[in-house]
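In case you want the letters, here they are:
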Amino acid sequence: MMRVLILAGLLIPASLTAASAATQAPSAAVRAAVADAQRTPANRQRDRYRHPAETLAFFGVRPEQTVVEFQPSGGWYTEILAPMLSAKGHYVGLVAGGQRAQDSFSRLLAAGGERYRGARMATLDPATGSSTVPDGSADVVLTFRNVHNLIMGGGNNAANSFRAFARMLKPGGTLGVVDHRLPEEMSADAERESGYVKRSTIIRLAQDAGFRLAAESKVNANPRDTHQWPKGVWTLPPSLQLGDTDRAKYLAIGESDRLTLRFVKSAR
């Protein structure tokens, strides 16, 4: 009989603890995309916090796939993904926002020129879950530090978005989630204002949308982060919302403690 661990009301296979420890070396394609000298220097400086090669390897991203990135914003991961996918795959930036956000991302794609060949924008309305990404068209959906924003947006934004992710994925497709980790013992009230989110909350949202948790990684964990700051996660770099107050302290801590979770859509 399979043993299970009970965590925050969720049944998690005990075998997952072993899978969580497993790591996959980044492919040559991923390493080359991260090492690309044309990436913005300021973005490259944050690799030590975000571990893009290891993170993309953990999510199983390959250059022949169709990869949807939810809320690419300023394009930190776009700089890595769009060139890597330009020859054999497809990069889709999924924007949840009004015309201003869409126009901004359109300009970002245009500025990428030939390096971003084939990359395109799609839209998602979290309030309804409607998206312009065709159902069953994506191999991988990635969201980096966005689930907390969906939760803070209120209503059914988070649940609707996860259901939309499931619809756009092929059977057996991957949902990769990175977000700021709120320890399970802390009050869930912090999810509405701090930028941190509980592991159990993300897992529940994913399971309700038809995903199963396949594995998790500590590649983006930061034990120096105590998760309790005057301005929430934005106290830490890169936001540093307290300005010069204790700036050296927060720079020494680095970017936030982050969850890295890989989910799989049911193959049925």
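Every chain begins its residue count from 1, and numbering advances along the sequence as written. Owing to the predicted nature of the model, reporting of local features is limited to residues with pLDDT of at least 70; listing and counting of side-chain atom pairs is limited to 80 or more, with chain, interface and lining totals taken over all residues. Side-chain descriptors were evaluated using all non-hydrogen atoms of the structure, hydrogens and water having been removed beforehand.

Things to note about the overall build of the chain
Assigned secondary structure in the chain consists of 11 helices and 11 strands. In terms of principal-axis extent, the alpha carbons of the chain reach across some 55 × 50 × 40 Å. Relative accessibility under 20% of the residue-type maximum defines a buried residue, over 50% an exposed one, and the middle range a partly exposed one, all with a 1.4 Å probe and only protein chains included. The burial tally for the chain puts 52% of its 268 residues in the buried class. On the chain, roughly 12,600 Å² of surface is accessible, and the fraction owed to carbon and sulfur atoms is 51%. Separation between the mean location of the 33 positive side-chain charges and that of the 24 negative ones in the chain comes to 4 Å. Comment: elements are numbered from the N terminus, with helices defined as DSSP H or I runs of at least four residues and strands as E runs of at least two. Residue burial considers only the protein chains on display, and all accessible areas are found by Shrake-Rupley using a 1.4 Å probe. Charged-residue counts in this description rest on Lys and Arg as positive and Asp and Glu as negative, His and the chain ends being excluded. All charge positions are set by atom: Lys at NZ, Arg at CZ, Asp at CG, Glu at CD.

Topic: the nonpolar core
Ranked by internal contacts, the top residues of the largest apolar core, which has 33 residues, are Leu94, Phe162, Phe165, Leu175, Ile202, Phe211 and Phe263. Ranked by the residues each element gives to this core, the list is headed by helix H9 (residues 157-168), at six residues. Any pair of residues with heavy atoms lying within 4.5 Å of one another is described as a contacting pair. Ignoring sequence-local partners within four residues, the contact set of Phe162 consists of Val147, Leu175, Ile202, Leu205, Ala206, Ala209 and Phe211. Residues belong to one nonpolar core when they are buried, are Ala, Val, Leu, Ile, Met, Phe, Trp, Tyr or Cys, and are joined through side-chain atoms within 4.5 Å. Among the nonpolar cores identified, the runner-up in size contains 28 residues, and Phe59, Val67, Phe105 and Leu109 belong to it.

With respect to the pattern of salt bridges
For salt bridges, the criterion is a side-chain nitrogen of Lys or Arg within 4 Å of an Asp or Glu carboxyl oxygen. Tallied over the full model, the rule gives 11 salt bridges. Linking Glu64 and Arg62 is a salt bridge whose minimum nitrogen-to-oxygen distance equals 2.6 Å. Since its relative accessible area comes to 42%, Glu64 is described here as partly exposed.

Remarks on the side chain of Asp225
Checked against the element boundaries, Asp225 lands in the loop between strand S10 (211-217) and helix H11 (247-253). For the buried residue Asp225, which engages in no salt bridge, the nearest side chain bearing the opposite charge is Arg258, 7.4 Å off. With residues up to four places along the chain from it excluded, the contact list for Asp225 reads Tyr196, Leu236, Ile253, Ser256 and Asp257.

A word on the packing of aromatic side chains
Only rings of Phe, Tyr and Trp enter the pairing, Trp through its six-membered ring, and a pair is recorded when the two centres are within 6.5 Å. The plane angle decides the type: under 30 degrees is stacked, over 60 is edge-to-face, the rest tilted. In the structure shown here, the tally under the stated rule is six aromatic pairs. With a centroid separation of 5.3 Å and an interplanar angle of 65 degrees, the aromatic rings of Phe70 and Phe165 are classed as edge-to-face. Of the two residues, Phe70 sits in strand S3 (residues 66-70) while Phe165 sits in helix H9, which places them 95 residues apart along the sequence. You can call Phe165 buried: its relative accessible area is 1%.

As for helix H6 (residues 78-85)
Most of H6 sits out of view: seven of its eight residues are buried. Listed as buried for H6 are Thr78, Glu79, Ile80, Leu81, Ala82, Met84 and Leu85.

Re the pairing of S3
Counting buried positions along S3 gives five out of five residues, so the element sits mostly inside the fold. Both faces of S3 are covered, namely the face carrying Thr66, Val68 and Phe70 and the face carrying Val67 and Glu69. Pairing of S3 with strand S4 (residues 90-95), which is carried by five bridges, proceeds in the parallel orientation. Considered in S4, the bridge of Val68 is made with Val92. A crossover connection joins S3 to the parallel S4 through H6; in handedness this β-α-β unit is right-handed. Paired strands are those between which DSSP finds at least two bridges. Here the term right-handed applies to a crossover when the path leading from its first strand over the helix to its second strand runs clockwise, the strands being oriented away from the viewer.

Details of the confidence of the model for the chain
Across the chain, pLDDT averages 92, with 91% of residues at or above 70. Looking at any residue, its pLDDT shows the predictor's confidence there, from 0 to 100. Between residues 1-21, whose pLDDT stays under 50, and residues either more than four places distant or in other chains, the model counts 30 contacts.

Description of unusual backbone geometry
A cis amide bond links Pro237 to the next residue, Pro238, at an omega of 5 degrees. Within the fold, Pro238 resides in the loop between S10 and H11. Positive phi outside glycine occurs at His51, with the angle close to 45 degrees. Here His51 shows up in the loop between helix H4 (47-50) and helix H5 (52-58). Even without being a glycine, Gln71 presents a positive backbone phi close to 50 degrees. Along the chain, the position of Gln71 falls in the loop between S3 and H6.

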